[in-house]
Structure formats: C-alpha cells, structure tokens
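# Per-entry structural report
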Amino acid sequence: MQATRLLSKIDPDPVFLKAGHSDWVLTVEHAGRAIPAALGDLGLPAGEIDRHIGWDPGALDLALALSDRLDATVIAQRYSRLVIDCNRPWESPDLVPVISDKTLIAGNQIGQNARKARWDEIHSPFHVAVTEAMDRGAKQLMAIHTYDPQRDVDAALRPWPIGLLARVSNPLFDTLKVNLPGVAAVAPLGINNPYEIETGSDYTIPHSPSRSLISLS
C-alpha cells in the first residue's frame, strides 16, 4: 500500500536554490516558516512560529547578500524547523521537537511513520540538493544561522555579535578580526560560541563531503 504523502500540490517546494558559479555553497537550514497544509498550525499559539524557535530571522537575507559577493550557490529550507529541523540527524530528539524554548508543539506528538514522512519529503530533499551542489565541484560550504542575543528572559546576554563555528582554525576568523576592529572592540567574536559543531546533534556540516566547513551565525 502506498504511503500517504505529507506535502500536497498547494505546499511550497522545500528547497529554495539560487545557483552560483564559485566554489562556495551557502546553506540556510532554518530559512523559512512554512508549515505543510496537512499539519495546520502544529497546535502552536498565535505568533510562536515567528519567534526564533520557528526559523532563523535574517539568515536567508545574509546568505543572499553573501551570494552576490561570492557568486555562491544558496540552498535554503522553506519549512519551519518546528516541522523538522534540517540540521539534526534522524536519532536526535530535536529533529521533530515536542517542546522548544518552553513552547509546546502539540502537532509534533507523532509516530515513526509521520516522522519518516517529514524526513523523506522535507529533510532529505534539502540535503540531496547540498550533496548535488558539492558533487558539481563546489569545495567550500558555509552553513548560515542566526541566534537570539538572549536565550530567554532568565538567561545572560550573549556577548558575541558574530559566531563562527569550525572544528579547526580557519583563516576567516583572523580575516574578520582584522576587518571588523570596531566590532571586536565592542564585543568579542564568538569563536565556536554560542554553539559548537557536534556530530551527534548537527547534520549539515558533519555530513558534508566538503573539507572546508564553516558555520556562521
């Protein structure tokens, strides 16, 4: 028996792609706030999808601006990370979060079949597009995210205006320090802050075939 599809003809394609000609591929895993029509509003209170828990505000705009400078390919995900987080592996409890930053996502209390449908129709097409771009000869991948200056009302302010994540020292770090002296004078660049790239909880960078990998927030 054929499985019921999640996405219908009225739903947007999960992948936004802007082609470039340089070695760079820029990915935006949390670019959009779309929810498949079949899932309604995921049981979310009004306005919650517009918070940072639902997407990375400004990340796609930054990627497109960088693309113009670098002639880079941009691959972005149109669906909200609350539907499925395209920067999480299958086994991650945050792949389809039931709660995020104290907000309950009632529509994510689902079984394995529904989870797999979201993986097959939203998560996989995004990463197939990334792999295909790298297979066409791109050598450098940058994943672009944004983060709140404060995790929640009870948390300390994050002092980093820009976060750069990589497993090894990267020349981009030193370049930014030299070219952004005004920023560095006010607050430090977040070198592997406020997050780190982790194989168990991240997906795009750990699974990329590229040898030059950066995450910019």
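### Considerations on the environment of P93
Looking at the element boundaries, P93 is found in the loop between β3 (73–77) and β4 (99–100). Remark: the alpha-carbon pair of P93 and S201, spanning 108 residues in sequence, is separated by 9.0 Å.

### Some thoughts on the nonpolar core
By size, the foremost hydrophobic cluster in this structure holds 31 residues, and its most contacted members are L42, I75, L82 and I122. Among the secondary structure elements, those contributing two or more residues to this core are α2 (112–135) and β6 (140–144). The element best represented in this core is α2, accounting for 8 residues. With near-sequence residues (within four places) excluded, I122 lies in contact with L6, L7, P14, P36, Q77, Y79, V83, I84 and C86. If you look at the next biggest cluster of nonpolar residues, it comprises 11 residues, including L26, A72, A76 and M142.

### Let's talk about the packing of aromatic side chains
Scanning the model with the defined rule gives 2 aromatic pairs in all. Arranged with centres 5.5 Å apart and planes meeting at 85°, the rings of W90 and W119 form a pair that is edge-to-face. You can see W90 sitting in the loop between β3 and β4 and its partner W119 sitting in helix α2, a full 29 residues away along the chain. Pairing W119 with Y203 gives two aromatic rings, centres 5.9 Å apart and planes at 90°, and the pair type is edge-to-face. You can see W119 sitting in helix α2 and its partner Y203 sitting in the loop between β8 (190–191) and α5 (204–207), a full 84 residues away along the chain. Among the residues examined, W119 registers a relative accessible area of 15% and is labelled buried. Joined through ring pairs, the aromatic side chains of W90, W119 and Y203 make up one cluster.

The rules behind these values
Residues numbered from 1 in each chain as written. Predicted model: local features only at pLDDT ≥ 70, side-chain atom pairs only at ≥ 80, totals over all residues. Heavy atoms only, no water. Helix = DSSP H or I, 4+ residues; strand = E, 2+ residues; numbered from the N terminus. Core = buried A, V, L, I, M, F, W, Y, C linked by side-chain atoms within 4.5 Å. Buried < 20%, exposed > 50% of the residue type's maximum accessible area, 1.4 Å probe, protein only. Contact = heavy atoms within 4.5 Å. Phe/Tyr/Trp six-rings, centres within 6.5 Å; stacked < 30°, edge-to-face > 60°.

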